[in-house]
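One-letter residues, chain by chain:
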Amino acid sequence: EADIYQTPRYLVIGTGKKITLECSQTMGHDKMYWYQQDPGMELHLIHYSYGVNSTEKGDLSSESTVSRIRTEHFPLTLESARPSHTSQYLCASSEYGLASTDTQYFGPGTRLTVL
Amino acid sequence: GDSVTQMEGPVTLSEEACLTINCTYTATGYPSLFWYVQYPGEGLQLLLKATKADDKGSNKGFEATYRKETTSFHLEKGSVQVSDSAVYFCALSTQGGGADGLTFGKGTHLIIQP
């Protein structure tokens, strides 16, 4: 059973607000990821990290930012939320740094609605 | 770039029917292939994976074989249950180069009727 947590599970917020989506894992995994899942279910990688102090942008351009100060924690921040940011955000982690065979373990997701 | 194409849904079947969800891919290098499942209101769970050609992944009665010659990884189950209703994602991962995450298909919504 994977131990990866996301809070909040649901968030409804007004335009212009700053928000932080939390993601934590207790498996000691080096690699962590953020995916954005649009209403049509398609998933896109927006950020990833190889380890502490490492952050990289993914395939889909995003106005969000991430940080990795501790191995277990990978928060995502939106400085000024807009309706176009409405989506489901999924966090994931994997054990090894470079292998393509690694399994990614996903959190339950945060469903964000910006009014 | 890398891409995954899977059959459009929703797919509606009766309980105990046979299931096939088609998945084909385009990738540089030698990808690993995955099937993930997403139940309503939850994140993704790994269902099965295969890391090299001719490998067969299997779990919970589902199976898929990595076919390099046809660049396919079709998901099959001989007898589906109502509890299999979920969204299924085919995905690939390649080592190195560019953003190093999973490339997903668009997902197939499976509905099993009693």
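Quick caveat: nothing in here was measured; it's all calculated off a predicted structure.

## Topic: the side chain of Ser72(B)
Relative to the helices and strands, Ser72(B) is located in the loop between strand E8 (62-65) and strand E9 (75-77). Looking at Ser72(B), its side chain comes within polar contact range of the side chain of Thr70(B), at 2.8 Å.

## Concerning the pattern of salt bridges
All names here are of chain B. Overall, the coordinates contain 6 salt bridges over all chains when judged by the stated rule. Between Glu-63 and Lys-56 there is a salt bridge, and its shortest N-O distance comes to 3.6 Å. Assessed through its relative accessible area of 31%, Glu-63 is described here as partly exposed.

## Notes on the state of the cysteines
The tally for this structure, following the rule as stated, stands at 2 disulfides over all chains. Residue pairing for Cys23(A): its cysteine sulfur links by disulfide to Cys91(A), the two sulfurs lying 1.9 Å apart. Judged by the torsion about the S-S bond (-75 degrees), the Cys23(A)/Cys91(A) disulfide is left-handed. Residue Cys23(A) is located in strand E3 (residues 19-25), and its partner Cys91(A) is located in strand E9 (residues 87-94); the two are separated by 68 residues in the primary sequence. Its relative accessible area of 0% is what places Cys91(A) among the buried residues. Paired by a disulfide, Cys23(B) and Cys90(B) hold their sulfur atoms 2.0 Å apart. Taking the sign of the S-S torsion, -70 degrees for the link of Cys23(B) and Cys90(B), the bridge is left-handed. Linking Cys23(B) in strand E4 (residues 23-26) with Cys90(B) in strand E10 (residues 86-93), this pair joins segments that are 67 residues apart in sequence. When sorted by exposure, Cys23(B) lands in the same class as Cys90(B), which is buried. Note on Cys18(B): no disulfide assigned, nearest cysteine sulfur contributed by Cys23(B) at a separation of 20 Å.

Thresholds, definitions, all that
- Residues numbered from 1 in each chain as written.
- Chains lettered and ligands numbered in written order.
- Predicted model: local features only at pLDDT ≥ 70, side-chain atom pairs only at ≥ 80, totals over all residues.
- Heavy atoms only, no water.
- Helix = DSSP H or I, 4+ residues; strand = E, 2+ residues; numbered from the N terminus.
- Polar contact = N/O pair within 3.5 Å; in protein donor to acceptor, adjacent residues only side chain to side chain.
- Salt bridge = Lys/Arg side-chain N within 4 Å of Asp/Glu carboxyl O.
- Buried < 20%, exposed > 50% of the residue type's maximum accessible area, 1.4 Å probe, protein only.
- Disulfide = S-S within 2.5 Å.

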